[in-house]
Structures are given as C-alpha cells and as structure tokens.
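# Descriptive analysis of the structure
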Amino acid sequence: MIYTPSLTAIVIFILFVAVVLVLSFYLARKTKSASSFFAAGGTIHWGVNGIAFAGDYLSAASFLGICGMIAFSGYDGFLYSIGYLAGWIVALFLVAEPLKRLGKYTFTDALDARFDSKAIQLAAAVSTLIVSMFYLIPQMVGAGALVKPLLGLEHHWGVIIVGAIVIFIVATAGMTSTTYVQFIKGALLIIFSIVLSVYIFNNGLKLNPETKHQSYHQFIKLTPALENGRVTKAEDYKVMDQVQINEHQLVKLEKSGIIRWFLLINANNEMVLQEMLSTTLTPNGQKLYNGEPAKNGKFYQVGHLSKIIVDGKEVDKTGALGPFEFLSTIEKSEIVRFEQLKFSDGKNKVSVWYQNITSGSDMMKPGLRFKIGKDATPISKLNFISLMIALFLGTSALPHILIRYYTVPSQRDARKSTIVAIAAIGTFYILTMFMGLGAAINGVLDVESSNMSAPLLAKAFGIGLFSIISAIAFATILGTVSGLIIASTGAIAHDIIDNYMGKNLSEEKKVLAGKISAFVVGIVAIILGIAFKGMNVSFLVGWAFAVAASANLPSILMLLFWKKTTAKGIAWSIVVGIISALGLILTSPMMWGRYGLNPNDAIHQLNNPAIISFTLALLTLIFVSLATQKDNHKKKDI
Amino acid sequence: MMEHGPAIKPGNDAASKKKSKLGVILFIVYSIVYGGFVIIGVVNYELMGKIIVKGQNLAVIYGFGLIVFAIILGLIYNAICTNYENKMNKEEAS
C-alpha cells in the first residue's frame, strides 16, 4: 500500500501522546510502595477498573485484527468477537472473586496461596512471561504497521516509539498510571467506534464507494481474442504471457513499457480480461505496484458492492440505513472481495489480487475462512472447535487481565468491574461487525494489510476522524503493552526474585527491581517487534490465548473447585500446558508454511492447539495430584 | 494514596460459598448456549444462513445474542450476589 502522511494526523497524534505522558508524570508522584507499583494500591474504583479492563483487553488484535478479518472474510472474523467476549463469562463466574481473595500482586500469588511451593512460583512466573511475550509481539508489530500511514515513518520507528513511551509509563508510575491510560483509551475507543458506526449507517450502501475524501479506481475490462483458450490479442495491449495458477488463467499484458496482470473470466458467456492489482518483487529488491514504482501511486484501495438489492429490486444506492437494515441489505446483496494468488514470473515474485464476487448471504455466515461448511474436513472442523475453546478459556488465564483484579479494594468491586468490562467490551464487539462490513464495501481496503481496515475506513469519512481513530489505535497498543509489561515485571521482580529466589526485597528495592525489569522486558519487546515485521496481528494473539488457556486455566479452575489439587499437580500442569501448546504450534501447518515448507507435510494438521493441550494439562493436574496426595497435609486453609 | 476500606474484607465473606455455586450454575448455562452455537456451526452449518427474523440470519441473531446474553447474565449474577452479601454478611456481623 502507498501512504502519504497528513499534518492533521501528526498533530493530533502528538497531542494524544503528550496527554498520556503528562498524566503519567502526574500519577508518578503517588507511586512509592510495591503495592502501588504492581497493583495501584488496590484503590481503583470498580467503574474505572471495568473500563480499564476494556482498555487492556481491546488490544490491536480486536480493533485492527477483527475489523480487518470481518472486512476480508465476513462473519468468520466475528467469531473472534463472540469467543473473546464469551471468555469473560469464565472470568466473571469462576475466577474474579476467588482470585481477588487469594492473591496480592500477581496470579502466581493466588495459585501459590495455599501451598508456598517453589515449583509453582517458578512455573507460574515463567508461564506469565511466555504468554505475555506471545501477546507483546503482535502489539509491537501492530504499532509498526500503524505509524506508516499515520506519520510516514518506517516499521521499526513505530516499534521503538511504542517501546520507549511504554517503558517510560511503566517505569515512572506502574499500575496506577497504566490503569488511567487504559481507562481513557478504553472509553475513547468505544465512543469513537460508535461515531464511526454512525458514519457507516448514514453513508448506507452504494455501488460506487467514492466520497469527497477519496476516489475509487474503476477496474478495466478488456475484450480479448482467443485461440484454444489462449489469449492472442487484447485491444491495444501487447500479450506477453499466460499462466494457470490453480483454476485461474492469468494473462500478462504490456502497454507503454508497463506490465499489468489480468484475469481471464467468463462473464455472461463472454470471455473478458479483468484488471487485477499486482505487486512484483524484482531480484534487485525493487517493488513495483501494478507494474510501476510506488511513487507513481498506481496501487488502489478496494472492496465494493457489485449488486444492491432493496425490496427485491436492484438499486445503485440505499441512502442512510439503520443497523439491522444495514445487515439485512448486505445479506441480499453481492460483495466484491479481492483474493490473493502468489507465483514466480521468471526471477520476479508476483502477487496478484483478483475480484471474487461473494454473495451477501455467504458473507454473513461462517465458512469463508474456517472451512466448516460443504468443503469441510474432520480436521478443519476440529480446528474450528479448538479455536472456539481457546477463545472461551483463554481470557481468564491472561496474566495482564488477571492482575487487574488486584487493583480494586474488594471482591465485590472485582465482580462489578468485570460486569462493566463485559458491557463495554460486548458493545464494542457488536460494533466490530458494522466496522468490518463497512470497510469491506466502502473501497478502503489495503490488500497488503487487513489490519489497517478500520483506520482506513475512518479516512474515507474525513482526515480528522482518521487521525483520532489512528491515535486511539496507537494508544490501544500503548495501553495493552503497558499492561503486559507490568504483568511481566510482576513475574520477574515479585514472583521470581522476591519469592522464588527468597531475596525478601524491601519495598523500595522491589519497586526498583520492577522498574529495571520493565526496562529489560521493553527492550526485548522492541527487538521482537522489529524481528516479526509483517506477521499477522491476530495470528499470534490467537496462539497466546491457546497457550494461556492450556498453561494457566486448568490450575486456576482446579485450585478453586477440586480439593485434592496439589502443588506438584499445579506445577506439572503448567509445564505440560506450555510445552504441549508450544509444541503443537511450532509443528503446525501454519508454522510449516512460515518455515518455507509445504503445510500439507506438517507433522499434524491442527492449527489451533487448545483442544489437545488444555486437555493434556488438565489430565496431568488430575493424575499428578492423585499421586501426590500425601503432600497436601502442608496445605493452608484459606 | 488515600485508602478506601474494602466493602468486604478478603477472606471474610460469609456469602462466598453460595456465590461460587451460583457462578458455576450460570457458567454451565452459558457454556451450553455457547456450545450450541459451535455445534450448529460444525454439524448443521447451513442452518446458520437461515433467515430468522427481520432479514437477519441465525448466525447474526445467535452471535449478537451470545454477547447480549453475557451482559444480561452478568447483571443477574451481580444482583443476586449483592443480595447474598448484604444479607449473609449482616447476619454474620449480628
């Protein structure tokens, strides 16, 4: 995608970051004790904490990832919204209050409250660090992706800016400052998602998605001459080549020295060459967009409707629509999605995106991304079930979510703040459906990065809205990264140095250890954020959920609901959960593809590990606990 | 920083057993409804596309419904728990 930064966007962004930093300075004056650094002194109001939960939870994966996935794959993206929200039910009904009762600063405290076991302290702290790192990488990658359209900076600068600001926020004021940053960001994200949705409804549906803020490229159609299925002539273009990729016939044409790719299709019994978007990577590293250098600006945002049906009749536009009318009209209409094909053309690596007309009814039900319909296999169905389990069980095992229960004064406040979180997050997730579909039909999609769909949709409605939405998206990343770094510093300074190594640090030294840990974790996050450039934001987050659900949740649940649980049972369950989830991920078809191997040759065909790794961790806990019952005489009653 | 006194001191909540039982029941209720959604998706996928009401298909109604249902269950749970706490912790104190 070719982006040009805007001055308004830069000014709004800088103002936004400045406010966050001033707030951190102001709150930093109050952070002196370890309790205040790691858990905001347990004095945060439940309403503020509830919205801060939303701030923590609605990470880059939710705002950028889900909206993007809905825009590209329809309802399948919304499955993430459903699963992420359902996870809060586990948090509210099973985990919130007992965890608040048992813990102090970290979730390791809660797991270890009855046992005082070195094995639990180490296993739970390591698990916190691994899950937090899995979660940190996509946030940092998201930051890198955002700064390009917003500030015109390269990926690594985005990662470094986020890293530096977050280290500053965390190291100055710890959890208090992080909480208020999350509160402001969570509230703004929900308010402006509502504003964006209102714009979408007012705009309605139209065949030509041009607005006064953006033009829309009209794709060329050529009438070719054919001989035995091969194109011999194409109006005033010179025919260079014709290749078959899967079932598609791709034709390479040239005019005025510029190479373009077209798709040969049968439109109403007439053969037509339809223009595609293409990128070509030459052996000397130059990237051409539709055959021309980036500076020529010949690469376009896409996504439009090819047919709109209202009351059984085809129309060009609908005018303003209500939320339910918006969905039911899309259900009856047709959407043009752009699908990617990759191939080698001599020494050049070519990607093309062709128009795929998708019925609204297919867009509005699962199946475009997750194969559970007519072309499903038992493995693809198992993948779907496993994903839905990971999303359901992962939320209440995420360390940066769990630590937020220690920032409120009482169990009642923990419960109330969870309900505020569910209401706020639920509202946002319902809006993801409208924002995702809005992006799909308003000609704003960047085919190279689904993550930018929601901010680019805002851009179609005006640069001011785009700037605010992008600044909030950036703050979303800042907030989530802060929460993750606090969780990691708690694991290092409190769980490992203070408890596991038995250093018995003074309050000041514990805070200092926390600040040094924040600096180190922040630097590691910056390095990983740069190294993983180009990785899909929602990709790793889904895995973070699977690892969290497998490593942490069996222990949390069994500790609360099974009296025979032992310290060794918990420690082994965490170890087995981490190893099995990571092992399955690293040997999955998706990773096989990333290693440059054929995904079909992978050791197994399961991309979502939770169904196996969660079960293994649970069984380990049960068997080891039953075998070590004699240890339980030392268990404390709480 | 100013300390607010906890409404209920951690570890000293007479209602905790009843609340925990209620939590488990509501969790099972929600899990069944959530499980129903996943099972329809896997077993009878075409049903998801069936128009149910006002031009909305089952996938939209069920999906939005799961989100709204979570919020409603949360509010019910909080109301009952608060009631337990007010009643039982008062009894405990008297």
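From a predicted model like this one, the values you see are computed outputs, not experimental measurements.

This next bit is on the nonpolar core. Residues and elements named next belong to chain A. Ranked by internal contacts, the top residues of the largest apolar core, which has 234 residues, are Ile425 and Val547. Among the elements that make up this core, the one with the highest residue count is helix H15 (residues 463–500) (21 residues). Among the domains, domain 1 (7–20 + 37–205 + 384–536) and domain 2 (221–363) are the pair contributing at least three residues each to this core.

Next up on the list: the packing of helix H5 (residues 75–102) of chain A against helix H11 (residues 378–394) of chain A. All names here are of chain A. Between H5 and H11, the least distance of the axes is 6 Å, while the angle of their chain directions is 40 degrees. Judged by the angle between their axes, H5 and H11 are oblique. Helix-helix and strand crossings are classified by hand; for H5 and H11 the assignment is right-handed. Across the interface between the two elements, Tyr80, Gly83, Tyr84, Ala86, Gly87 and Val90 of H5 pack against Met388, Leu391, Phe392, Leu393 and Gly394 of H11. Looking at the contact of H5 with H11, its residues break down into eight nonpolar, three polar and no charged.

This next bit is on the confidence of the model for chain B. Scored by pLDDT, chain B comes out at a mean of 82, with 83% of its residues at no less than 70. Across the whole predicted complex the pTM is 0.87, and at the interface the ipTM reaches 0.86.

Let us look at the domain arrangement of chain A. Often, the extent of an interface is quoted as the loss of accessible area upon association of its parts. All names here are of chain A. Assigned domains within chain A: domain 1 (7–20 + 37–205 + 384–536) and domain 2 (221–363). Computed from C-alpha coordinates alone, the two centres of domain 1 and domain 2 are separated by 37 Å. Counting residues at the interface gives 20 residues for domain 1, matched by 25 residues for domain 2. At five residues, helix H13 (residues 411–441) tops the list of elements feeding residues into the side of domain 1 that touches domain 2.

What counts and what doesn't
Residues numbered from 1 in each chain as written. Chains lettered and ligands numbered in written order. Predicted model: local features only at pLDDT ≥ 70, side-chain atom pairs only at ≥ 80, totals over all residues. Core = buried A, V, L, I, M, F, W, Y, C linked by C-beta atoms within 7 Å. Buried ≥ 20, exposed ≤ 12 C-beta atoms within 10 Å, placed from the backbone. Helix = DSSP H or I, 4+ residues; strand = E, 2+ residues; numbered from the N terminus. Domains from an automatic or database assignment. Axes fitted to C-alpha atoms, helices over the stretch in contact; angles between N-to-C directions. Parallel < 35°, antiparallel > 145°, perpendicular 65-115°, else oblique. Left-handed = near helix turned anticlockwise from the far one by under 90°. Contact = placed C-beta atoms within 7 Å. Nonpolar A, V, L, I, M, F, W, Y, C, P; charged D, E, K, R; others polar. pLDDT = per-residue confidence, 0-100.

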